[in-house]
Amino acid sequence: MTARDTGAFMPPAEYRTYLYPPESPRLASIRGLDAYEYREAAKAAPFTGGLIRGWKPLQLAEFRGVTEDGTLRPEVHVWEPARPGEEAPVADMVAAARELLNALDEDGRAKLSHPVDAVEWQTWANPEFLQFDTGIRLEFQPAEVRQRALALVEASLSTDGFRLVHDMMLINGFLGEVVGLPTILNEFSYNFALYGDPAPEAPWGWQLFGHHCAVNCLVIEGRMVVSPVFLGAEPNEIDEGLHAGTSAFTDRIRLGTDLMAALPADLRDAATVYRRMVDPKMPPGRIHPGDERHLAGAFQDNRVIPVEGLRAADMPEPAREILLEIADSFVSLLPEGPRTARMREIRDHLDETWFSWIGGHEAGDVFYYRLQSPVLIAELDHHCGVFLDYDTPQPFHIHTVLRTPHGNDYGRAYVRAWQTRNA
């Protein structure tokens, strides 16, 4: 039995060294604000207001998809229905979605629901402040509605995938308790939306987003796409209370350093784009004030991200296997059948996959890495403090991002193919 199972107290974690004093203006100035009051305060604050203004030109643009050079490759997402044994759990998802709809009144259902190809898919964001109030805000819903929304997430994802997503929400609530901001940071400070009509064959999906947790899921004729996904944590553990022992991303961190260790020195050098997390050799704009080093986060649906680093084709076989383990960790939200299909797609493009690294690669170092292929972008980045007081990246504040390049985020390439076929 683990500490998480028993609720036992854990030894104080390193992140506690960086707690702001409770009376610090950083915390006291926003304490007690609800999500909508904080949204207005964030617009007026210099840092968060600057982020919002910087993202504004990217928001609600016509969707094309992330590419490496600006040219879409539609052939990498040729449509076919799910193969036998690879079907998504659509029947369970439909049942859970209808339970959620039945728990809402007419106004709630109208706010929750959007067309399957609506631009509102692109309104997700990972900061703690609202920019788009898409769908319903779970913290202001009755317990029954909150639980039925989570039940739909659970019916859609793998057991480990649902646990990871829910852990992000729990860690967010834990952070709110630790810093005394429960009205801004809590387990249910998330928006939830439905897209399309939940049905066995036609395309439909759901979206969950808020601080450090954003998941977009679409199903169509048994196929499933789960991307974009943003999962992060500050801190990446819970060290006291009912959920003590919860931690996140330890596998993705270990696998990253394992991959670097599996490369000979010359290939490690080839993979390392910058040796420092903030490197004087970086071009202007390489570090974003909110996203820091990761490139494929919120509002980056059409970004051009050139490949860099080391090709998987040039790696020794043990390193290639670890690279595939990293990819599998990122797509582990998918249930067994769709996960099998997704990993086949990733393997089919393995020789076109690039691996890049920033920072140190020894145990305890902070770093950034990216896997990138025509069908996958997976990023991990250690970040500076937001609600904890440090201005250099630390190992306990982590952002991870998953994308499906060349137009299939939100399952959009599949939806367009289905619409064309059924016009």
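A brief look at the structure comes next. (Residues numbered from 1 in each chain as written. Predicted model: local features only at pLDDT ≥ 70, side-chain atom pairs only at ≥ 80, totals over all residues. Heavy atoms only, no water.)

**A few points about helix H9 (residues 250-261)**
Next up, step 1: Taking 1.5 Å of rise per residue, the twelve residues of H9 would be expected to cover 16 Å, and the 17 Å separating its terminal C-alpha atoms lies within 8% of that figure.
Next up, step 2: Where H9 is concerned, the buried positions are Arg252, Leu255, Gly256, Thr257, Leu259 and Met260. (Helix = DSSP H or I, 4+ residues; strand = E, 2+ residues; numbered from the N terminus. Expected span 1.5 Å × (residues − 1). Buried < 20%, exposed > 50% of the residue type's maximum accessible area, 1.4 Å probe, protein only.)

**Quick notes on the pattern of salt bridges**
Next up, step 1: Going through the model one piece at a time under the given rule, you end up with 26 salt bridges.
Next up, step 2: With a shortest N-O distance of 2.8 Å, Arg293 and Asp381 are connected by a salt bridge. Here Arg293 is found in the loop between strand E7 (272-274) and strand E8 (310-311), whereas its partner Asp381 is found in strand E11 (residues 376-382), with 88 residues between them in sequence. Like Asp381, Arg293 is buried.
Next up, step 3: Counted as one network, the salt bridges with shared partners bring together Arg16, Asp239 and Glu240. (Salt bridge = Lys/Arg side-chain N within 4 Å of Asp/Glu carboxyl O.)

**Here's the deal with the pairing of strand E12 (residues 398-403)**
Next up, step 1: Counting buried positions over the six residues of E12 gives six, a clear majority of the element.
Next up, step 2: The two faces of E12 match: Ile398, Thr400 and Leu402 on one face and His399, Val401 and Arg403 on the other face are all buried.
Next up, step 3: Examined bridge by bridge, strand E6 (residues 223-233) and E12 share five bridges and lie antiparallel to one another. Paired with Phe230 across the two strands is Val401, which belongs to E12.
Next up, step 4: Where E11 and E12 come together, six bridges link them in antiparallel fashion. Among the inter-strand pairings, His382 is bridged to a residue of E12, identified as Ile398. (Pairing = 2+ DSSP bridges.)

**Re the layout of surface pockets**
Next up, step 1: Its volume calculated, the largest pocket comes out at about 500 Å³.
Next up, step 2: Residue assignment for the lining of the largest pocket shows that the elements contributing at least two residues are helix H3 (35-44) and helix H4 (46-55).
Next up, step 3: Among the elements that take part in the lining of the largest pocket, H4 stands out by supplying four residues, more than any other.
Next up, step 4: The volume enclosed by the second largest pocket comes to roughly 410 Å³.
Next up, step 5: Lining the second largest pocket are 25 residues, and of these Val76, Arg223, Ala341, Glu345 and Tyr414 lie nearest its centre.
Next up, step 6: At the level of secondary structure, the elements contributing two or more residues to the lining of the second largest pocket comprise E6 and helix H12 (336-348).
Next up, step 7: For the lining of the second largest pocket, the element with the most residues is H12, which contributes six residues.
Next up, step 8: When the residues that make up the lining of the second largest pocket are grouped by side-chain class, the tally is ten nonpolar, six polar and nine charged. (1 Å grid on protein atoms, 1.4 Å probe; cavity = no way out; pocket = protein on both sides within 12 Å on 5 of 7 lines; lining within 4 Å. Points joined across faces, edges and corners; volume = space filled by probe spheres on them. Nonpolar A, V, L, I, M, F, W, Y, C, P; charged D, E, K, R; others polar.)

**Some words on the packing of aromatic side chains**
Next up, step 1: A complete count under the given rule lists 17 aromatic pairs for this structure.
Next up, step 2: Both rings, one in Tyr15 and one in Phe174, keep their centres 6.5 Å apart while their planes meet at 80°; by these two values the pair is edge-to-face. Of this pair, Tyr15 sits in the loop between helix H1 (3-6) and helix H2 (25-28) while Phe174 sits in helix H8 (residues 159-179); the two residues are 159 residues apart in sequence, bridging distant segments of the chain.
Next up, step 3: Residue Tyr15 is classed as buried on the basis of its relative accessible area, which comes to 1%.
Next up, step 4: Phe174 gets classed as buried once you look at its relative accessible area, which sits at 5%.
Next up, step 5: Centroid distance Tyr18 to Phe396: 5.6 Å. Interplanar angle 45°. Geometry classified as tilted. Of this pair, Tyr18 sits in the loop between H1 and H2 while Phe396 is found in the loop between E11 and E12, placing the two residues 378 residues apart along the sequence.
Next up, step 6: Members of the aromatic cluster, joined through ring pairs, are Phe63, Trp121, Tyr195 and Tyr410.
Next up, step 7: When the ring centre of Phe330 is taken as origin, the NZ or CZ atom of Arg252, which lies over that ring, is 4.2 Å away.
Next up, step 8: One Lys or Arg, Arg286, reaches over the ring of Tyr368 and ends 5.6 Å from the middle of that ring. (Phe/Tyr/Trp six-rings, centres within 6.5 Å; stacked < 30°, edge-to-face > 60°. Lys NZ or Arg CZ within 6 Å of the ring centre and 35° of its normal.)

**Looking at the side chain of Asn191**
Next up, step 1: Locating Asn191 in the fold gives a position in strand E3 (residues 190-195).
Next up, step 2: Residue class for Asn191 comes out buried when judged on its relative accessible area of 0%.
Next up, step 3: Reaching out from Asn191, the side chain makes a polar contact with the backbone oxygen of Thr134 at a distance of 2.8 Å. (Polar contact = N/O pair within 3.5 Å; in protein donor to acceptor, adjacent residues only side chain to side chain.)

**Section: empty space enclosed by the protein**
Next up, step 1: Summed over all chains, the structure comprises three cavities of 30 Å³ or more.
Next up, step 2: Lining the largest cavity we find 13 residues, and of these Pro127, Phe129, Leu130, Arg137 and Gly210 sit closest to its centre.
Next up, step 3: Tallied by class, residues from the lining of the largest cavity come to six nonpolar, five polar and two charged.

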